[in-house]
Amino acid sequence: MSLEAKNITKLYGIQKALDNVSFKINTGEIVGFLGPNGAGKSTMMKIITGFIEQNEGDIFVNNLNTKENIKEIKQQIGYLPEHNPLYLDMFVKEYLNFVAKIYSADNYKKKVSEIIELTGLTSEQNKKNGALSKGYRQRVGLAAALIHNPEVLILDEPTTGLDPNQIIEIRNLITEVGKKKTVMLSTHIMQEVEAICDRVIIINKGQIIADKPVKSISGLIKRKKQIVFTEFAESVKTDIFEKLPEYISVVTSENKSFLFESDSEEDIRPELFHFFADNNLILITMKQKDENMEDIFRSLTQ
Ligand code: ADP
Ligand code: MG
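Residues numbered from 1 in each chain as written. Chains lettered and ligands numbered in written order. Predicted model: local features only at pLDDT ≥ 70, side-chain atom pairs only at ≥ 80, totals over all residues. Heavy atoms only, no water.

Student: Explain the coordination of the magnesium ion (ligand 2) to me, please; I cannot follow it from the model alone.
Tutor: Each donor-metal-donor angle in an ideal tetrahedron of four donors is 109.5 degrees, and each such angle in an ideal octahedron of six donors is either 90 or 180 degrees. Within the protein, Ser42 (OG), Glu82 (OE) and Glu82 (OE) serve as the donor atoms for the magnesium ion (ligand 2), at 2.1 to 2.7 Å. One end of the pair, Ser42, is in helix α1 (residues 41-48); the other, Glu82, is in the loop between β6 (77-80) and α3 (92-102), with 40 residues separating them in the sequence. Taking the relative accessible area as the measure of exposure, Glu82 reaches 28% and is therefore partly exposed. (Donors = N, O, S within 2.8 Å, 3.2 Å for Na, K, Ca; no water. Helix = DSSP H or I, 4+ residues; strand = E, 2+ residues; numbered from the N terminus. Buried < 20%, exposed > 50% of the residue type's maximum accessible area, 1.4 Å probe, protein only.)

Structure representation (structure tokens):
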């Protein structure tokens with residue numbers, strides 16, 4: 001089942017959250033929707049699932065327009081909203097029965113048992129949602145999204161807030177259930193896309209800035225530069241850094257603070273530390289900066 005957004009624009013008051021966004025996801029694809037906070041990911045997902053309306057443009061699910069067929073379309077979409085809202089006082093099984101009934105899922109008791117097993121909730125099914133760990137709550141959210149056996153899954157930041165083990169478990173679960181479905185998953189973590197997705201759509205400030213196979217982006221991440229921020233107790237003359245090895249360069253300087261950059265695979269901080277000490281520079285801060293989304297965006301859009 002395919003999913004298509006055509007020229008979607010969304011305004012909140014005068015603020016443009018989505019600006020003429022278009023993309024198409026084909027049947028069976030797992031696509032990552034990647035962007036920093038505030039990029040417009042959740043807004044797009046709420047529009048696709050019919051929870052809010054766009055100002056302009058159309059969404060097609062299997063060539064049906066959400067403006068005319070939202071009821072049929074909702075039957076085909078499983079949606080895990082951001083922050084996974086659950087009724088905390090309901091028991092897991094009770095909650096899933098409740099959701100199944102809302103969707104009028106056929107033979108819902110059997111369906112609920114199957115989903116509980118699929119999502120690894122068997123040991124937790126008689127607990128209250130509120131008593132579960134965050135990882136298990138996320139499984140309940142996924143189970144609820146899957147209960148009516150939808151062909152399209154829309155997952156809004158499904159692993160945010162989970163610990164590393166839970167992240168791996170949820171990613172595996174998504175990969176498993178995603179084999180037979182069309183999946184769109186939002187995240188602000190590049191590695192998440194690499195781990196789960198075939199394709200990545202990158203959104204920034206309400207606009208799509210890249211739409212590529214994940215493989216073509218992995219190369220970019222591996223080629224990333226090391227950036228080290230330093231701060232000294234006293235102001236430093238830049239010419240002293242001309243004596244640094246050629247694979248380390250100063251990118252910005254500001255009296256007492258400097259940014260160093262290197263293509264080297266090895267951590268350059270020990271080398272810098274000795275250099276500063278040998279030159280009697282009193283170092284008060286040194287930290288490695290991760291290549292952030294903005295840097296990746298820059299390299300992608302260049
Ligand atoms: P993301 O999910 O990528 O973090 P959102 O879609 O939540 O981004 O938000 C996109 C932009 O729209 C942000 O600037 C956000 O502050 C704004 N926004 C989101 N929801 C609302 C709302 N209900 N009212 C006003 N502004 C909103
Ligand atoms: Mg969001």
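Student: Quick question: what am I supposed to make of the domain arrangement of the chain here?
Tutor: One frequently used descriptor of interface size is the decrease in accessible area upon assembly of the parts. When cut into domains, the chain gives domain 1 (3-217) and domain 2 (226-301). Computed over C-alpha atoms, the centres of domain 1 and domain 2 are 41 Å apart. (Domains from an automatic or database assignment.)

Student: Just checking my understanding: could you explain the site of ligand 1 for this structure?
Tutor: In the vicinity of ligand 1, the contacting residues are Tyr12, Gln15, Ala17, Pro36, Asn37, Gly38, Ala39, Gly40, Lys41, Ser42 and Thr43. Ser42 places a polar side-chain atom, nitrogen or oxygen, 2.8 Å from an oxygen atom of ligand 1. Here an oxygen atom of ligand 1 sits 2.5 Å away from a polar atom, N or O, in the side chain of Thr43. Starting from 560 Å² of accessible surface for ligand 1 in isolation, the protein chains cover 63%. Elements represented by at least two residues in the shell around ligand 1 include exactly β2 (15-25) and α1. Per-element accounting of the shell around ligand 1 gives the leading share, 3 residues, to α1. (Near = heavy atom within 4 Å. Polar contact = N/O pair within 3.5 Å; in protein donor to acceptor, adjacent residues only side chain to side chain. Areas by Shrake-Rupley, 256 points an atom, 1.4 Å probe, with all protein chains shown as cover.)

Student: Looking at this model, I keep getting lost on the environment of Pro150. Mind explaining?
Tutor: Considering the arrangement of structural elements, one finds Pro150 in the loop between α5 (134-146) and β7 (152-156). As a C-alpha pair, Pro150 and Asn97 span 53 residues in sequence and 16 Å in three-dimensional space. Aside from chain neighbours lying at most four places away, what touches Pro150 is Gln75, Gln76, Ile77, Gly78, Ala145 and Lys181. (Contact = heavy atoms within 4.5 Å.)

Student: It is not clear to me how the sheet that holds β2 should be interpreted in this structure. Could you clarify?
Tutor: With antiparallel pairing, 4 strands are arranged side by side in an open sheet as β2-β1-β4-β5. Two strands bound the open sheet, and with one partner strand each, they are β2 and β5 (64-65). Pairing between strand β4 (residues 56-61) and β5: 2 bridges, direction antiparallel. Residue pairing across strands places Phe60 opposite Asn65, the latter belonging to β5. (Pairing = 2+ DSSP bridges.)

Student: Hey, could you run me through unusual backbone geometry in this one?
Tutor: A negative phi angle characterises most non-glycine residues, just as the trans form characterises most peptide bonds. The backbone phi angle of Asn62 is positive, close to 50°, even though this residue is not glycine. Along the chain, Asn62 falls in the loop between β4 and β5. Judged by relative accessible area, which is 37%, Asn62 ranks as partly exposed.

Student: Sorry if this is basic, but what is going on with the pairing of strand β10 (residues 207-213) here?
Tutor: Walk down a regular strand and you will see the side chains alternate between the two sheet faces. Bridge count for strand β9 (residues 199-204) against β10 is 6 bridges, and the pairing is antiparallel. Residue pairing in the sheet places Ile201 in a bridge with Asp211 of β10. Where β9 hands over to β10, the hairpin turn is made up of 2 residues, of which Lys205 adopts a positive phi near 50°.

Student: What should I look at first to understand the sheet that holds strand β3 (residues 30-34) in this one?
Tutor: Pairing between sheet strands relies on hydrogen bonds along the backbone, with the strands arranged either parallel or antiparallel. Overall, mixed pairing links the 6 strands, which are arranged β6-β7-β8-β3-β9-β10 in an open sheet. Every other strand in the sheet has two partners, leaving β6 and β10 as the edge strands with one partner each. Here the average twist between neighbouring strands, direction ignored, is 15°. Direction of pairing for β7 relative to strand β8 (residues 182-187): parallel, over a ladder of 5 bridges. Paired with Leu153 across the strands is Val183, a residue of β8. Where helix α2 (residues 66-76) meets the sheet, its contacts fall on β6 and β7, and the angle it forms with β6 comes to roughly 70°. (Axes fitted to C-alpha atoms, helices over the stretch in contact; angles between N-to-C directions.)

Student: Which parts of the structure should I look at to understand the packing of α3 against α5?
Tutor: Each pair of packed helices gets described by two things: the angle between the helix axes and the distance between those axes. Close contact between α3 and α5 brings their axes to 9 Å; oriented N to C, the two are set at 25°. Here α3 lies roughly parallel to α5, going by the angle between them. For the pair α3 and α5, the crossing hand works out as right-handed. In this structure, α3 uses Val92, Tyr95, Leu96 and Val99 to contact α5, whose residues at the interface are Val140, Ala143 and Ala144. (Parallel < 35°, antiparallel > 145°, perpendicular 65-115°, else oblique. Left-handed = near helix turned anticlockwise from the far one by under 90°.)

Student: Honestly, the side chain of Thr230 in this entry has me stumped. Any pointers?
Tutor: Here Thr230 is to be found in strand β11 (residues 226-232). Residue class for Thr230 comes out buried when judged on its relative accessible area of 0%. Setting aside residues up to four positions removed in sequence, Thr230 forms contacts with Lys256, Ser257, Phe258, Phe260, Phe276, Leu283, Thr285 and Met286.

Student: Even after reading the chapter, I still don't get helix α9 (residues 269-278), so can you show me in this structure?
Tutor: Residues lying three or four places apart along an α-helix face the same way, a consequence of the helix completing one turn every 3.6 residues. Buried within α9 are the following residues: Leu272, Phe275 and Phe276. Looking down the long axis of α9, one finds its buried residues gathered within 95° of arc, a one-sided arrangement. One or two steps after α9, the chain reaches Asn280, where phi turns positive at roughly 55°. (Arc of directions from axis to C-beta.)

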